[in-house]
Amino acid sequence: MPTIDWNPALYDQKHAFVFQYGKGLLSLLEPRAGETILDLGCGTGHLTKAIAESGARVVGIDSSAEMIEQARQGYPGIEFQVADARNFSLPYTFDAVFSNATLHWIKEAEPVVEHISAALRPGGRFVAELGGKGNVANLMGALQQALQEVAGVSLEPGWYFPSIGEYTPLLEKHGLAVQSVVLFDRPTQLEEGEKGIRIWLQMFSPGVFRDIPPNVKERVLARIEELLRPQFFRDGHWFADYRRLRVVAYKEQ
Ligand code: BEZ
């Protein structure tokens, strides 16, 4: 998994689109009163709270202690735990596991799917959205090209963006019968106008600029913007070429 120093305040203030889009995924989850639901990769807990409003009993887990701290402060009535998706165990099983914009952070997908399956009761559902094959390909291409040209640095992105053909068999192997899976483009407007790409990279590029001197970093950023501007800057806003994989699967009885 890429190491990333999560900044909960920056995440909430400048990347609200992550959980705003996640609300669409909630309509696929259809949480009901009395159900038990696990929110895997809950971040600062906004969607966990939305699930709890249905009357379901929800537990939010996230690998970032900073995010969990913020979630606990924001929603003290909800249970949140620091846990690693590759290796977690809870004392009971759930009616549903929900996950929005988290699973692409973890290259080791198999242990994650194994633990999701183990967390579900027979017949329980897994409803998730993650970056799919081709996600942010132009953004990453520009980052890689600019780093190479300006700083002589090669970058191997650390994300997991599976295709339908790759992800479905993995779910089936671990006893999750896929009911629907769809890969779709969702160009996403970034916040903060002209600064959008820089703020996105500050939040999401895992330490790429850590060892690069500030004056070189500035030239890399300017080159990224130059490469992307013709296609991805419109009406004062930057757009990221997001492509999502949405899945609904059921644990075999
Ligand atoms: C995404 O949500 O698609 C994403 C987030 C951070 C880095 C790359 C992709």
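Here, every reference points to the structure presented above.
Since the model is a prediction, treat every value here as computed from it, not as a measurement. (Residues numbered from 1 in each chain as written. Predicted model: local features only at pLDDT ≥ 70, side-chain atom pairs only at ≥ 80, totals over all residues. Heavy atoms only, no water.)

Peer 1: A description of the overall build of the protein should follow, citing residues and the corresponding values.
Peer 2: Along the protein, the regular secondary structure elements total 9 helices and 10 strands. Taken over C-alpha atoms, the radius of gyration comes to 19 Å for the protein, in line with the 18 Å a tight globule of 253 residues would show. Considering only C-alpha atoms, the protein reaches an extent of 55 × 40 × 35 Å along its principal axes. Burial statistics for the protein: of 253 residues in total, 52% are counted as buried. Considering only contacts within the protein whose residues lie at least 6 apart along the sequence, 76% involve residues at least 24 apart. Accessible surface, the protein: about 11,300 Å² in total, of which carbon and sulfur atoms supply 50%. Seen as two clouds, the 25 positive and the 31 negative side-chain charges of the protein have centres 2 Å apart. (Helix = DSSP H or I, 4+ residues; strand = E, 2+ residues; numbered from the N terminus. Rg over C-alpha atoms; globule rule 2.2 N^0.38 Å. Buried < 20%, exposed > 50% of the residue type's maximum accessible area, 1.4 Å probe, protein only. Contact = heavy atoms within 4.5 Å. Areas by Shrake-Rupley, 256 points an atom, 1.4 Å probe, with all protein chains shown as cover. Lys, Arg positive; Asp, Glu negative; His and termini not counted. Charge placed at Lys NZ, Arg CZ, Asp CG, Glu CD.)

Peer 1: Kindly report on the nonpolar core, identifying the contributing residues and their values.
Peer 2: Soluble, globular proteins show a tendency: their nonpolar side chains are buried together. Formed by 64 residues in total, the largest nonpolar core has its most connected members in Leu38, Leu103, Phe126, Tyr167, Trp200 and Ile224. For leucine 103, the contacting residues outside a window of four places in its chain are Leu40, Val112, Ile116, Phe126, Ala128, Leu130, Tyr160 and Tyr167. (Core = buried A, V, L, I, M, F, W, Y, C linked by side-chain atoms within 4.5 Å.)

Peer 1: Give me unusual backbone geometry: which residues, what numbers.
Peer 2: Even without being glycine, glutamate 30 reaches a positive phi, approximately 45°. The class for glutamate 30 is exposed, based on a relative accessible area of 52%. Positioned with a positive phi, glutamate 192 is a non-glycine residue whose angle comes to about 75°. Among the structural elements, glutamate 192 can be located in the loop between strand 7 (188-189) and helix 8 (196-204).

Peer 1: Quick one: what's the story with the environment of alanine 240, residue by residue and with numbers?
Peer 2: Looking at where alanine 240 falls in the secondary structure, it is placed in strand 9 (residues 237-240). For the pair formed by alanine 240 and glutamine 81, sequence separation is 159 residues and the distance between their alpha carbons is 31 Å. Ignoring sequence-local partners within four residues, the contact set of alanine 240 consists of Leu139, Arg186, Pro187, Thr188 and Leu190.

Peer 1: Tell me what's going on with the sheet that holds strand 5 (residues 120-131), and back it up with residues and numbers.
Peer 2: Each strand in a sheet pairs with its neighbour through backbone hydrogen bonds, running either in the same direction (parallel) or in the opposite one (antiparallel). Reading across from one edge, 3-2-1-4-5-10-6 is the order of the 7 strands in this open sheet, with mixed pairing throughout. The two strands at the open ends of the sheet, each matched to only one other strand, are strand 3 (79-82) and strand 6 (176-185). Each adjacent strand pair in this sheet contributes to an overall mean axis angle of 15°, direction not counted. Two strands pair when backbone bridges link them, and strand 2 (residues 57-62) and strand 3 are joined in this way by 4 bridges, in the parallel orientation. Residue pairing for strand 3: valine 59 is matched across the bridge by glutamate 79. Where helix 5 (residues 109-119) meets the sheet, its contacts fall on strand 1 (36-40), strand 4 (94-100), strand 5, strand 6 and strand 10 (243-251), and the angle it forms with strand 5 comes to roughly 140°. The strands touched by helix 7 (residues 164-173) within the sheet are strand 5, strand 6 and strand 10, with strand 6 carrying the most contacts at an inclination of about 160°. (Pairing = 2+ DSSP bridges. Axes fitted to C-alpha atoms, helices over the stretch in contact; angles between N-to-C directions.)

Peer 1: I'd like a description of the pattern of salt bridges, backed by residues and values.
Peer 2: Enumeration according to the criterion identifies 18 salt bridges in this entry. Glutamate 129 is the partner of arginine 244 in a salt bridge, and the nearest nitrogen-oxygen pair spans 3.3 Å. Pair noted here: arginine 244 is in strand 10 and glutamate 129 is in strand 5, with a separation of 115 residues, a long-range link. Exposure class is identical for arginine 244 and glutamate 129. Each is buried. Arginine 246 is the partner of glutamate 129 in a salt bridge, and the nearest nitrogen-oxygen pair spans 2.6 Å. In this pair, glutamate 129 is assigned in strand 5 and arginine 246 in strand 10, connecting sequence segments 117 residues apart. Residue arginine 246 is classed as buried on the basis of its relative accessible area, which comes to 18%. Ionic contacts of the salt-bridge type, sharing partners, join the residues Glu129, Arg186, Arg244 and Arg246 into one network. (Salt bridge = Lys/Arg side-chain N within 4 Å of Asp/Glu carboxyl O.)

Peer 1: Account for the packing of aromatic side chains, with residues named and values stated.
Peer 2: Per the counting criterion, the structure on display carries 7 aromatic pairs. A ring pair is formed by tryptophan 105 and tryptophan 159, whose centres lie 5.9 Å apart and whose planes are at 70°; its orientation type is edge-to-face. Here tryptophan 105, found in the loop between strand 4 and helix 5, pairs with tryptophan 159, found in the loop between helix 6 (137-151) and helix 7; they are 54 residues apart in sequence, far enough to count as distant. Per residue, the accessibility class of tryptophan 105 equals that of tryptophan 159, and both read buried. Each member of the aromatic cluster is reached from another via a ring pair, and the members are Trp105, Trp159, Phe161, Trp200 and Phe204. Across the ring face of tyrosine 21, the terminal group of arginine 186 is positioned such that the distance to the ring centre comes to 3.6 Å. We note arginine 229 situated over the ring of phenylalanine 233; from NZ or CZ to the ring centre the distance is 4.8 Å. (Phe/Tyr/Trp six-rings, centres within 6.5 Å; stacked < 30°, edge-to-face > 60°. Lys NZ or Arg CZ within 6 Å of the ring centre and 35° of its normal.)

All we've got here are geometric facts, nothing functional implied.
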